[in-house]
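Chain by chain, the residues:
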There are 4 protein chains.
Amino acid sequence: MTTAAPSVLTLQCPDQPGIVAAVANLIAGTGGNIANADQHTDRESSVFLQRIEIDGPIGWQAFRRGLTGLAERFGLQWALHHPGTRARVAVACSGELHCAADLLNRVELGELDAEVVGLVSDKEVAAPLAARHGVPFVLVTGGLAGGERAAQEAAFAGALDELSADLVVLARYMRILPEPITTAWTGRMINIHHSFLPAFPGARPYHRAHQRGVKLIGATAHYVTAELDAGPIIAQRVVAVTHRDEIDDLVRKGRDVERTTLADAVRLHLEHRVLVWDNRTCVFA
Amino acid sequence: MTTAAPSVLTLQCPDQPGIVAAVANLIAGTGGNIANADQHTDRESSVFLQRIEIDGPIGWQAFRRGLTGLAERFGLQWALHHPGTRARVAVACSGELHCAADLLNRVELGELDAEVVGLVSDKEVAAPLAARHGVPFVLVTGGLAGGERAAQEAAFAGALDELSADLVVLARYMRILPEPITTAWTGRMINIHHSFLPAFPGARPYHRAHQRGVKLIGATAHYVTAELDAGPIIAQRVVAVTHRDEIDDLVRKGRDVERTTLADAVRLHLEHRVLVWDNRTCVFA
Amino acid sequence: MTTAAPSVLTLQCPDQPGIVAAVANLIAGTGGNIANADQHTDRESSVFLQRIEIDGPIGWQAFRRGLTGLAERFGLQWALHHPGTRARVAVACSGELHCAADLLNRVELGELDAEVVGLVSDKEVAAPLAARHGVPFVLVTGGLAGGERAAQEAAFAGALDELSADLVVLARYMRILPEPITTAWTGRMINIHHSFLPAFPGARPYHRAHQRGVKLIGATAHYVTAELDAGPIIAQRVVAVTHRDEIDDLVRKGRDVERTTLADAVRLHLEHRVLVWDNRTCVFA
Amino acid sequence: MTTAAPSVLTLQCPDQPGIVAAVANLIAGTGGNIANADQHTDRESSVFLQRIEIDGPIGWQAFRRGLTGLAERFGLQWALHHPGTRARVAVACSGELHCAADLLNRVELGELDAEVVGLVSDKEVAAPLAARHGVPFVLVTGGLAGGERAAQEAAFAGALDELSADLVVLARYMRILPEPITTAWTGRMINIHHSFLPAFPGARPYHRAHQRGVKLIGATAHYVTAELDAGPIIAQRVVAVTHRDEIDDLVRKGRDVERTTLADAVRLHLEHRVLVWDNRTCVFA
């Protein structure tokens, strides 16, 4: 039952009659088979989005030519991913290591199909974690304000560039990023925020959740955009809390939610299951 | 943004190349548009299943002719549902009325697009519920054994036939049905069982759950088959319980799970989202 | 195993040594037995809260005298509830009837131990629901602004007073209440808000949730205070949504969450399981 | 707000009047304060169970003497745990490493207050995991039948004894243990089973879940007893699955549920929050 992994085609375009048939015909005509397909039409914005898993044998060159033709005809944006190329992932963290440790662990166990090309942190405490997994560690120190902050941001940007990452995962990296960085990594940088957004964006969400007396806390994995904690949401999870839970308990319960939510989002991204439009995501799970 | 409801095509056949393109071409060729589509290929049994929402204008007669052609070519089974025909639903219950009351309530509120053509029960206590909603009440009394049981079963079967129901919902109807009935209603009779199947099939599941000390209880909505509580599962839900919960609490918590699970399953069925193969369901939610 | 229902004592006071022993001794000394007890010390505010179910035979008069003594000694606030007095509940709704219908249904089925003394609404569409359950219907019309608004608010306040309600449940009553009303009913008025507060307070939460692209929607039952949607939270629930869910789907999924969350909160309140301090609740579930 | 951790007293006895007062008086009389208390009376079996967190200063010797007195008077079983003694935990696994890796990770991150004294496995593949965390690795090889099996079981039992473990965690250790081992470790050996028990006990639960077409899969952490997968349940979790999920997907989704369920159970045990009676658990969470 285990077969060669399929190739993945993702596409989006203005909704219009004939698009499904055109793509299906192209696949059938170049010798492929649709192993799995999922699609969505957003009626409000009249956008059509699709993800297709294609089993070869297929003439990929002819297929790409055909797609280029469809792109012109339908205003199609597409991406084609073949199996076997492992994504290069840079993980960034600060002093809280649970999310980064969980990601490294999952890669080690083969749960995430990626290569962690570096662990970037503004805290030295993260170094042993990188060492334990044989991952290069990059320390980017610097202050929180003025020139020191700019230097730190430049170091961070430089580290990511140098790592030639396909994806950057902010695994509780507790720095607000400047717009050049968020722009450079649009759609390729995932953050975990430790609240159920849009509740409690910004700092100290567990403290605020405790003070408000909520009965559920959550975590949100989203693509990073220029506006803090406002990017397209990929995954969210919550867990019940009670009056018994003090802030320490929220932090503890939240760690499990953060880990699993972030790991979900990273996996979904790596499997090319997330399409973005209008600051929202289509997740073909 | 509110438009005419689409027609729904469901189909299944042995998996084979070209099927998606053939159906998409047929739709495009007869003037329709795919408003939404979902499909699944079960690799183990090599079955292809699809549900398509089609926006007209379409030449339905030509479309049906085309489908007949595809049926021959691909070994296709299909069903086509146009909006505007409200399903006739018979609801059956015994002494516990919460599921039946919930269904009648939902139909009353317009949440379920169906007409309840009758409430059938072996208990008179259900009569006021039917009266409150202006639904015909059918009492099918009789004993639990021997000739009385057979008479009761015949009365039940007769009631369902007379109601010309499209769907029968066993909303805590606490009788085991004989095979002629389960066969007659294959794929058109939904039962709610008050456990997380396959745990605790049969009688008194909450008592057994309590004795076993489980930390979650559940409910399962499934199509009825000849074997008790073993038919294709449509929906399942669970709720957490603790050592504090005595059997009465399990019953109380369970009622909410039963209600919502059953309502989910009925809605999914009425919207033609459930396809069955190999005693399993494909739920295009 | 079914025994007479116990009496319920709830109390709160500044945390201090000896309080548990003092209360336990009082119960034991007046012939009672602790059937169940739950307590909580909030370390931040040094508040002690407790809920005790007491099985008689007990000398209630001596017990109350003893409590009065403890109240002086420990700065104790307490309430004692004996079984057999059914709470008088007023339900208020506007045009969306699902929450009100669910509550009436639950009372009818014996799931909530209360008497619904009136259904109050600013919409005539709710009248048949009240009639169906034999509950008095009170229509409070009036405009949304100026003198008409004031008249409507006065009518609403008058209706609640006249019903001598112990508890008012705002079951999707879509009017913002003026402070005199929220003050008069402090701790005795429960609202259901159709979002996971503090996200999306105020109007049209499902629209905003859809626009933000959240992956979970929720509902929050809380005591009403002067500030809109900011009172002590009693219960919250969420349900997963996907890109497939349009606003109508959020509304549909949300209805189930609203219903069950509100019913939970009402039950918890009626069973004297909710204690309030610092705008937060202690829920002894 | 961070104070010295409290001591924890757990006790159980036949339910009887006066027990709560007697214990509270003993605590107050020896200079302690009840920081937190939780109790449960099981009405069916008339058992009283309690967990109390006690803030000193307290005369512990006098307190223990007092408890001994209460033990005689009330038929009390009790245990008293002071902070500062870190539990010795042995972790056992086979070829699937995710649960063991997660536990080691949590201990490393300070999430579980324990010392992992050894990783015991019947597979060499687990050795690098132990090395990565600086934990002694014990390989216990041997066959699945006859003398080889007996030798393997003896080696396993010997390894656990030698490690002087307070708690043994079977983190996907895929061997059925003989009764001498399960008896020796009663109440001190926790297993994770990869199904929602009592559904799918024994081998290959995900395969059977897939075949049955369930819509939720789960994991169960329980104390090990002589009967396979039938011991007192500490924690259970489930996750939704759909027709899209093939067995590999169930395995993947299940891993997250297994990890978190097992970690929950281990933490609850280490914090002395789990009391057992009648093959059920009282979890004072």
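Owing to the predicted nature of the structure, the values given are computational and were not obtained by experimental measurement.

1. A look at the overall build of chain A
Of the regular secondary structure elements, chain A holds eight helices and 13 strands. In summary, chain A has a C-alpha radius of gyration of 21 Å against a globular reference of 19 Å for 285 residues, a match within 12%. On the principal axes, the C-alpha backbone points of chain A span a range of 60 × 45 × 40 Å. Within chain A, the proportion of its 285 residues that are buried is 59%. A fraction of 65% describes how many contacts in chain A between residues 6 or more apart in sequence connect residues 24 or more apart. Surface exposure of chain A reaches about 10,900 Å², of which carbon and sulfur atoms provide 53%. In chain A, the 27 positive side-chain charges and the 32 negative ones have mean positions that sit 4 Å from each other.

2. A closer look at the relation of the copies chain B and chain D
Between the two copies, chain B and chain D, the superposition gives an RMSD of 0.0 Å; the rotation angle is 180° and the shift along the axis is 0.0 Å. Such a turn and shift between the copies fits a two-fold axis. Taking C-alpha positions as the reference, the residue of chain B nearest the rotation axis is B:Ala199, at 2.3 Å. The overlap is high: 100% of the interface residues of chain B also sit at the interface in chain D, so the same surface is used on both sides.

3. Section: helix 7 (residues 205–212) of chain B
Among the residues of helix 7 of chain B, those classed as buried are B:Pro205, B:Tyr206, B:Ala209, B:His210 and B:Arg212. Taken end-on, helix 7 of chain B shows its buried residues confined to a sector of 165°, consistent with a single buried face. Along its buried surface, helix 7 of chain B packs onto strand 9 (189–193), strand 10 (216–223) and helix 8 (247–270) of chain B together with strand 11 (233–240) and strand 13 (280–283) of chain D. One or two residues past the end of helix 7 of chain B sits B:Gly213, with phi positive at roughly 75°.

4. Some details on the environment of A:Ile54
Residues and elements named next belong to chain A. In this fold, Ile-54 is placed in strand 3 (residues 47–55). C-alpha of Ile-54 to C-alpha of Ile-27: the two residues are 27 residues apart in sequence and 7.9 Å apart in space. Excluding residues within four positions of it along the chain, Ile-54 makes contact with Pro-6, Ser-7, Leu-9, Ile-27, Gly-32, Asn-33, Trp-60 and Phe-63.

5. Thoughts on the interface of chain A and chain C
Every contact between the two is made by 36 residues of chain A and, on the other side, 36 residues of chain C. Between chain A and chain C lies a buried interface of about 3,000 Å² when both sides are counted; carbon and sulfur atoms form 56% of it. Three residues stand out in chain A for area buried against chain C, namely A:Arg212, A:Lys215 and A:His243, and they jointly supply 24% of the buried area on that side. Ionic pairing is found between C:Glu246 and A:Arg43, a salt bridge with its closest N-O pair at 4.0 Å. Where chain A meets chain C, there are 22 residue pairs in polar contact (both at pLDDT 80 or more).

6. Things to note about the interface of chain B and chain D
Listed by partner, the interface residues are 36 residues for chain B and 36 residues for chain D. At the boundary of chain B with chain D, total buried surface from both sides reaches about 3,000 Å², with 56% on carbon and sulfur atoms. Summed over the three residues of chain B that lose the most area to chain D, namely B:Arg212, B:Lys215 and B:His243, the buried surface amounts to 24% of that side. Remark: the boundary between chain B and chain D carries four salt bridges.

7. As for the nonpolar core
The biggest cluster of nonpolar side chains holds 48 residues, and the ones touching the most others in it are C:Leu9, C:Phe63 and D:Phe63. Other than its neighbours up to four places away in sequence, C:Leu9 contacts C:Val23, C:Gln50, C:Arg51, C:Ile52, C:Ile54, C:Phe63, C:Leu67, C:Trp78, C:Ala79 and C:Leu80.

8. Here's the deal with the packing of aromatic side chains
Residues and elements named next belong to chain B. Tallied over the entire structure, the rule returns ten aromatic pairs over all chains. Between Trp-60 and Phe-63 the ring centres are 5.7 Å apart and the planes differ by 80°, which places this aromatic pair in the edge-to-face class. In this pair, Trp-60 and Phe-63 are both assigned in helix 2 (residues 60–74), three residues apart and thus about one turn of the helix distant. Judged by relative accessible area, Trp-60 falls into the partly exposed class, the value being 24%. The class for Phe-63 is buried, based on a relative accessible area of 0%. Ring centres of Phe-156 and Tyr-173 lie 4.4 Å apart, and the angle between their planes is 10°; on these two criteria the pair is classed as stacked. Residue Phe-156 is found in helix 5 (residues 146–162), and its partner Tyr-173 is found in the loop between strand 8 (167–170) and helix 6 (179–184); the two are separated by 17 residues along the sequence. By relative accessible area, which is 0% here, Phe-156 ends up buried. By relative accessible area, Tyr-173 is classed as buried at 4%.

9. Notes on the relation of the copies chain A and chain C
Overlaying chain A with chain C gives an RMSD of 0.0 Å, the required rotation being 180° about an axis along which the chain moves by 0.0 Å. The fraction of interface residues of chain A whose copies in chain C are also interface residues reaches 100%, indicating that both copies meet through the same surface.

10. Side note on the pairing of strand 13 (residues 280–283) of chain A
Burial along strand 13 of chain A is two-sided: A:Arg280 and A:Cys282 and A:Thr281 and A:Val283, pointing in opposite directions, are all buried. Counting the residues between successive antiparallel strands, the hairpin from strand 12 (residues 274–277) of chain A to strand 13 of chain A contains two residues, one of them, A:Asp278, with a positive phi of roughly 55°.

11. Quick notes on unusual backbone geometry
Of the consecutive residues C:Leu197 and C:Pro198, the connecting peptide bond is found in the cis state with omega at 10°. For C:Pro198, the location among the structural elements is in the loop between strand 9 (189–193) and helix 7 (205–212). Within the chain, D:Ser164 stands out as a residue other than glycine whose phi angle is a positive 45°. Examined against the element boundaries, D:Ser164 turns out to sit in the loop between helix 5 (146–162) and strand 8 (167–170). Classification of D:Ser164 as partly exposed rests on a relative accessible area of 44%. Of note, the phi angle at D:Asp278 is positive, near 55°, even though the residue is not glycine.

12. Side note on the side chain of D:Glu258
Within the secondary structure, D:Glu258 is located in helix 8 (residues 247–270). Not counting residues up to four positions away in its chain, the partners in contact with D:Glu258 are D:His98, D:Cys99, D:Arg172, D:Ile192, D:His194, D:Tyr206 and D:Ala219.

13. Some thoughts on the pattern of salt bridges
One pass over the structure, following the stated rule, counts 92 salt bridges over all chains. Of the charged contacts, one joins C:Arg244 and A:Asp38 as a salt bridge, the two residues approaching to 2.4 Å between their closest N and O atoms. Here C:Arg244, found in the loop between strand 11 (233–240) and helix 8 (247–270), pairs with A:Asp38, found in strand 2 (residues 33–42), and the two come from separate chains. The same class applies to C:Arg244 and to A:Asp38, which are both buried. With a shortest N-O distance of 2.7 Å, B:Glu258 and B:Arg172 are connected by a salt bridge. Linking B:Glu258 in helix 8 with B:Arg172 in the loop between strand 8 and helix 6, this pair joins segments that are 86 residues apart in sequence. Across the pair, exposure class does not vary: B:Glu258 and B:Arg172 are buried alike.

14. Observations regarding the pairing of strand 12 (residues 274–277) of chain B
Relative to strand 13 (residues 280–283) of chain B, strand 12 of chain B runs antiparallel, the two being bridged by four bridges. Residue pairing for strand 13 of chain B: B:Leu275 is matched across the bridge by B:Cys282.

15. What about the domain arrangement of chain A?
Frequently, the measure chosen for interface size is the accessible area that the parts lose on association. The domains assigned to chain A are domain 1 (7–81), domain 2 (86–185) and domain 3 (187–285). Its C-alpha centre places domain 1 of chain A at a distance of 34 Å from the equivalent point of domain 2 of chain A.

16. Observations concerning the sheet that holds strand 5 (residues 87–93) of chain A
Residues and elements named next belong to chain A. Overall, mixed pairing links the seven strands, which are arranged 7-6-5-8-9-10-11 in an open sheet. Looking along the sheet, the strands with just one partner apiece sit at the ends: strand 7 (137–139) and strand 11 (233–240). Averaged over all pairs of adjacent strands, the angle between strand axes in this sheet comes to 20°, irrespective of strand direction. Bridging between strand 6 (residues 114–121) and strand 7 involves three bridges; their strand directions are parallel.

17. Observations regarding the layout of surface pockets
Residue and element names in this part refer to chain D. Of the volumes computed, that of the second largest pocket is approximately 850 Å³. For the second largest pocket, the lining is made up of 36 residues, of which Tyr-173, Met-174, Arg-175, Ile-176 and His-194 are closest to its centre. At the level of elements, helix 5, strand 9 (189–193) and helix 7 (205–212) are the ones that each hand at least two residues to the lining of the second largest pocket. Residues that form the lining of the second largest pocket fall into these classes: 14 nonpolar, twelve polar and ten charged.

The rules behind each value
- Residues numbered from 1 in each chain as written.
- Chains lettered and ligands numbered in written order.
- Predicted model: local features only at pLDDT ≥ 70, side-chain atom pairs only at ≥ 80, totals over all residues.
- Heavy atoms only, no water.
- Helix = DSSP H or I, 4+ residues; strand = E, 2+ residues; numbered from the N terminus.
- Rg over C-alpha atoms; globule rule 2.2 N^0.38 Å.
- Buried < 20%, exposed > 50% of the residue type's maximum accessible area, 1.4 Å probe, protein only.
- Contact = heavy atoms within 4.5 Å.
- Areas by Shrake-Rupley, 256 points an atom, 1.4 Å probe, with all protein chains shown as cover.
- Lys, Arg positive; Asp, Glu negative; His and termini not counted.
- Charge placed at Lys NZ, Arg CZ, Asp CG, Glu CD.
- Least-squares fit on C-alpha atoms with pLDDT ≥ 70 in both.
- Arc of directions from axis to C-beta.
- Buried area = accessible area lost by both parts, 1.4 Å probe.
- Salt bridge = Lys/Arg side-chain N within 4 Å of Asp/Glu carboxyl O.
- Polar contact = N/O pair within 3.5 Å; in protein donor to acceptor, adjacent residues only side chain to side chain.
- Core = buried A, V, L, I, M, F, W, Y, C linked by side-chain atoms within 4.5 Å.
- Phe/Tyr/Trp six-rings, centres within 6.5 Å; stacked < 30°, edge-to-face > 60°.
- Pairing = 2+ DSSP bridges.
- Domains from an automatic or database assignment.
- Axes fitted to C-alpha atoms, helices over the stretch in contact; angles between N-to-C directions.
- 1 Å grid on protein atoms, 1.4 Å probe; cavity = no way out; pocket = protein on both sides within 12 Å on 5 of 7 lines; lining within 4 Å.
- Points joined across faces, edges and corners; volume = space filled by probe spheres on them.
- Nonpolar A, V, L, I, M, F, W, Y, C, P; charged D, E, K, R; others polar.

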